[in-house]
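Now for the letters of each chain:
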Amino acid sequence: DECISDMFTRFTAIVNSLKNLGKSYSNQELVRKILRCLPRSWTPKVMAIEEAKDLSTLPLEQLLGSLMTHETTMKNHENVEVKKKKSIAFKASKEDSESDEDGDVALITSKF
């Protein structure tokens, strides 16, 4: 449940620690590790990236930008759905009219 930027910060810290211990990874391996660690809800985006881009030449920064853009889009869609679910209820009230003429005018107006 963390955002992409937090995940990337944590990922970078782990990769840097491993580099200090003598283990280094190629850019392609890092890109694949990030794509593999994303939750199931991201599967369509992961597949789109794998099919549309050459993972051997995809810079890590470009992957991060693409994932952050997708995350923002998903959050915007969630906000729109929440707004659609909210509805306003009006309280109905019935007023007594003084004459039948007022009722007839109201009926004609409502049909209009």
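All values derive from a computational prediction rather than experimental measurement.

Rules and cut-offs
- Residues numbered from 1 in each chain as written.
- Predicted model: local features only at pLDDT ≥ 70, side-chain atom pairs only at ≥ 80, totals over all residues.
- Heavy atoms only, no water.
- Core = buried A, V, L, I, M, F, W, Y, C linked by side-chain atoms within 4.5 Å.
- Buried < 20%, exposed > 50% of the residue type's maximum accessible area, 1.4 Å probe, protein only.
- Helix = DSSP H or I, 4+ residues; strand = E, 2+ residues; numbered from the N terminus.
- Contact = heavy atoms within 4.5 Å.
- pLDDT = per-residue confidence, 0-100.
- Lys, Arg positive; Asp, Glu negative; His and termini not counted.
- Salt bridge = Lys/Arg side-chain N within 4 Å of Asp/Glu carboxyl O.
- Polar contact = N/O pair within 3.5 Å; in protein donor to acceptor, adjacent residues only side chain to side chain.
- Expected span 1.5 Å × (residues − 1).

Draft legend 1. The arrangement of the nonpolar core in detail. Counting residues in each nonpolar core, the largest one holds 19 residues, and the members touching the most others are I34, L35, L38, L63 and L67. Of all the secondary-structure elements, those providing two or more residues to this core are α1 (4–20), α2 (27–37), α3 (43–52) and α4 (60–85). Per-element accounting of this core gives the leading share, 5 residues, to α1. Contact partners of L63, with chain neighbours within four places excluded, come to V31, I34, L35, I49 and L58.

Draft legend 2. Spotlight on the confidence of the model for the chain. Of all residues in the chain, 79% have pLDDT values of 70 or greater, and the mean over the chain is 85. Per-element averaging of pLDDT across the chain places helix α5 (residues 100–111) at the bottom with 68 and α1 at the top with 95.

Draft legend 3. Looking closely at the side chain of E71. Its location among the elements puts E71 in helix α4. Despite its burial, E71 pairs with no opposite charge, the nearest such side chain being K75 at 4.2 Å. Among the polar contacts listed, one links the side chain of E71 to the backbone nitrogen of I4, at a separation of 3.1 Å. For E71, the residues in contact, after removing those within four places along its chain, are E2, C3, I4 and W42.

Draft legend 4. α4, seen in detail. Here α4 is 26 residues long and its end C-alpha atoms lie 38 Å apart, about the 38 Å a rise of 1.5 Å per residue gives. Taken together, the buried positions of α4 are occupied by L60, L63, L64, S66, L67 and E71. Where α4 is buried, its residues contact α1, α2 and α3.

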